[in-house]
Amino acid sequence: KSDIYEYSFNESLFKSKFNQKKIDLTEMENKLVNFLLTSKKGASKKDILSVVWGYSLELETHALESLIYRLRKKIELDPQEPKILIYENKKYFMKL
C-alpha cells in the first residue's frame, strides 16, 4: 500500500485509495512490480532481465525501458517526475 494505491498481485492491479479506480496491469508489469516490491535493496537492469524475463545473459534491450515507461504512465501522477517507480544509484525501486 502507498498513500495513493493499494496493489494486488493476485488481481494484477492497482486500486486508487481516493476513487477506487482500478489500473489493470499486464502480466509483465505485474511480474516487475512484484519483483521490485520483494527487492528491498532495489534491482539492477541485469537482475530484472534475469528474474522477470528469464534472460541468463546480459543483453542490450529496450524491453525493460519500454515496460518501465508504460507502467509509469499508468501509475504515476507525473510520469516525468516518478515517485513510485524510481531509478537511483543504477537500481529500480518501488516506493509503495
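Preceding this paragraph is the structure being described.
Residues numbered from 1 in each chain as written. Predicted model: local features only at pLDDT ≥ 70, side-chain atom pairs only at ≥ 80, totals over all residues. Heavy atoms only, no water.

1. Side note on the environment of Y87
The residue Y87 is located in strand 4 (residues 85-88) in this model. Sequence separation of Y87 and G42 is 45 residues, and the distance between their C-alpha atoms is 8.8 Å. Dropping the residues within four chain positions of it, Y87 is found in contact with R72 and Y92. (Helix = DSSP H or I, 4+ residues; strand = E, 2+ residues; numbered from the N terminus. Contact = heavy atoms within 4.5 Å.)

2. Some thoughts on the pattern of salt bridges
Applying the stated criterion across every chain, the model contains 2 salt bridges. In this structure, K74 and E29 form a salt bridge, with 2.7 Å as the shortest nitrogen-oxygen distance. On the criterion of sequence distance, the pair formed by K74 in helix 3 (residues 63-75) and E29 in helix 1 (residues 27-38) is long-range, its members being 45 residues apart. Overall, the relative accessible area of 30% leaves K74 in the partly exposed class. Take E29: its relative accessible area is 1%, and that puts it in the buried class. A salt bridge links E65 to K45; the shortest N-O distance between them is 3.1 Å. Here E65, found in helix 3, pairs with K45, found in helix 2 (residues 45-53); they are 20 residues apart in sequence, far enough to count as distant. (Salt bridge = Lys/Arg side-chain N within 4 Å of Asp/Glu carboxyl O. Buried < 20%, exposed > 50% of the residue type's maximum accessible area, 1.4 Å probe, protein only.)

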